[in-house]
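Close look at the chain arrangement
So the chains spell out like this:
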Amino acid sequence: MFAPPLSRRSFVAGSLAGAAALALPRRGRAESPGVANANVPVRKLTDGPRHHWFGYYDKLQFSPGDQFVLSNAVDFEGRSPTADDSIGVGFVDRRADDGFQEVGRSAAFGWQQGCMLQFRPGHGDEIVWNDREGDRFVCRLLDLSLEPTDGPSLRTIPEPVYTLAPDGKTGINADFRRINDLRPGYGYAGLPDPHADELAPEASGVRSVDLDSGESELIFSIAQAAAIEPRQPSMDGAKHYFNHLLFSPNGERFIVLHRWRPDGGKGGFQTRMFTVNADGSEPYVLDPSGSTSHFIWRDPEHICAWTKPAGKEWGFYLFKDRTDEVTPVGPDKMPVNGHNTYLPAPEGSPWKTGEWILNDTYPKGRERLQTVYLYHVPSGERFDLASFHSPPAYKGEWRCDTHPRASRDGRTVCVDSPHDGGRQLYELDISGIVG
């Protein structure tokens, strides 16, 4: 499944240089007819004939120093992946014009989250992604800074990952086989769910994975979650699964969405948001509403999520972990669901983490525009960055959400968009707004 990088040495040289502040030439505003209301410079990072995208919004796409951005590459669109399909994984050098450089392959991917490709926190230029090997899903780890003469740099551990702890030592996952059965687009094709006949299996759930040794253990089962109060009547006779995991900024707890589909898996899914200790202990139902959608940790004690708490309107709310404290966030400026994150605040930045929310919208209106924007929490001001046309063919499982991801220095945003003849990566320069 693995192919050697096209130019490993260029990555090494660039990564060392990228440790300093990245000085990119200023580009003009996008002229593509598929981009509307561009209030910041927009630059296309990838081109056809292959399609490129990164996937979800809560992964480290930018390298330390922000010179390189990770990407997947695929030869087809508009259908579900099959067991025979694979994609390329690699990176784009933001300083060069040599395009996408492939460093490996994956046979474990979905349209919404790719193959969980991401930089490993605290481990320099090491990247991880999921793949399929024989009768199991695995995780590949590749240190891009090593030359072939330095010894083997590709490792494989016998468990996939979903999200990584902030120190990069541990990952956790959910059962991608079961997810694929109950939520196509987020799981992986190729392996059947061994617990397909069980409503809430005890042997399936969140597994903790040591990224050095590859050892893993089940720490929080689906059966355990389904039995925790407060339960909802729709859980009875429903088929349960886990989706969307994310470690807290200090790595002490993680979020997992407990979802169930009534009528033995035939009904539409409903959702509870759990927070759990990193070892699987002390699970807490933070949002029991059944409506939790996109979320992000603001800090180790607070989570911003789109939901509809009991007795309240749909919106973004700030939850304080292990309490019933819930506060609306930007109800007038962020009135619709989107993929929300907080801009990071590196040392020396003029703002603090938690001041800026990066978000987007789903296709809206006859023009089907997806708008990427910033919301400044202290002032309550919203800054629309650009809107991207989503062709009507991009819907359902193979839709292309923008999923905005911020650079390490919080001054650049990368998005996925299909407006120019297929999904590709685009870069937005937000330095003029955030300073």
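The text that follows walks through the structure, step by step, so that each part is easy to find.

What counts and what doesn't
Residues numbered from 1 in each chain as written. Predicted model: local features only at pLDDT ≥ 70, side-chain atom pairs only at ≥ 80, totals over all residues. Heavy atoms only, no water. Buried < 20%, exposed > 50% of the residue type's maximum accessible area, 1.4 Å probe, protein only. Helix = DSSP H or I, 4+ residues; strand = E, 2+ residues; numbered from the N terminus. Pairing = 2+ DSSP bridges. Polar contact = N/O pair within 3.5 Å; in protein donor to acceptor, adjacent residues only side chain to side chain. Contact = heavy atoms within 4.5 Å. Phe/Tyr/Trp six-rings, centres within 6.5 Å; stacked < 30°, edge-to-face > 60°. Lys NZ or Arg CZ within 6 Å of the ring centre and 35° of its normal. Core = buried A, V, L, I, M, F, W, Y, C linked by side-chain atoms within 4.5 Å. Axes fitted to C-alpha atoms, helices over the stretch in contact; angles between N-to-C directions. Salt bridge = Lys/Arg side-chain N within 4 Å of Asp/Glu carboxyl O.

**What to know about the pairing of strand E15 (residues 239–247)**
Judged by how many residues are buried, E15 sits mostly within the fold: nine of nine residues are covered. By the bridge criterion, eight bridges tie E15 to strand E16 (residues 253–261) in an arrangement that is antiparallel. Bridge pairing links Leu245 to Val256 in E16. Following E15, the chain reverses through five residues before pairing antiparallel with E16; Gly251 in that reversal takes a positive phi of roughly 75°.

**A word on the side chain of Thr361**
With respect to the helices and strands, the residue Thr361 is situated in the loop between strand E24 (356–360) and strand E25 (369–376). At 3.0 Å, the side chain of Thr361 and the backbone nitrogen of Thr371 are in polar contact. Leaving out residues up to four positions away in the same chain, Thr361 has contacts with Val336, Asn337, Leu369, Gln370, Thr371 and Tyr373.

**Notes on the packing of aromatic side chains**
Per the counting criterion, the structure on display carries 14 aromatic pairs. Centre to centre, the rings of Phe247 and Phe254 are 6.2 Å apart; their planes meet at 70°, and the pair counts as edge-to-face. Three or more aromatic residues link up through ring pairs in this structure, and these residues are Phe137, Tyr162, Phe176 and Tyr188. The ring of Tyr373 is capped by Arg382, whose NZ or CZ atom sits 3.8 Å from the centre of that ring. In this structure, Arg423 is placed above the aromatic ring of Trp53, and the distance from its NZ or CZ to the ring centre is 5.9 Å.

**Regarding the nonpolar core**
One finds Val206, Phe220, Phe242, Phe254, Val256 and Phe274 to be the most contacted residues of the largest nonpolar core, which totals 30 residues. Only helix H2 (176–182), strand E14 (216–221), helix H3 (222–227), E15, E16 and strand E17 (270–277) provide two or more residues apiece to this core. Top element by residues in this core is E15. It accounts for four residues. Sequence-distant contacts of Phe254, defined by excluding residues within four places in its chain, comprise Ile172, Val206, Ile219, Leu246, Phe247, Ser248, Phe274, Thr275, Val276, Asn277, Ala278 and Trp297. Listed in part, the 27 residues of the second largest apolar core include Phe62, Phe68, Val89 and Trp111.

**Re the sheet that holds E17**
The strand order across the open sheet formed by four strands is E15-E16-E17-E18, and the pairing between neighbours is antiparallel. The two strands at the open ends of the sheet, each matched to only one other strand, are E15 and strand E18 (284–290). For this sheet, the mean angle separating the axes of adjacent strands, direction not counted, is 20°.

**Structural notes on the pairing of E17**
With respect to burial, E17 is a largely interior element, seven of its eight residues being buried. Note: E16 against E17, eight bridges, orientation antiparallel. Counterpart to Ile255 in the pairing with E17 is Thr275. Here E17 runs beside E18; their pairing, made up of three bridges, is antiparallel. By the bridge assignment, Met273 is partnered in E18 with Asp287. The loop that links E17 with its antiparallel partner E18 comprises six residues; one of these, Gly280, has a positive phi angle of about 95°.

**Concerning the pattern of salt bridges**
The final tally for this structure, using the stated rule, is 25 salt bridges. A salt bridge links Arg105 to Glu102, with the nearest nitrogen and oxygen atoms 3.5 Å apart. Each of the two residues, Arg105 as well as Glu102, counts as buried. Measuring nitrogen to oxygen at the nearest pair gives 3.1 Å for the salt bridge that ties Arg120 to Asp212. With Arg120 in the loop between strand E7 (118–119) and strand E8 (126–133) and Asp212 in the loop between strand E13 (205–210) and E14, the pair connects residues that are 92 residues apart, well separated along the chain. A relative accessible area of 2% means that Arg120 is categorised as buried. The network of salt bridges with shared partners includes Arg120, Glu126, Arg155 and Asp212.

The values are spatial; any link to function lies outside them.
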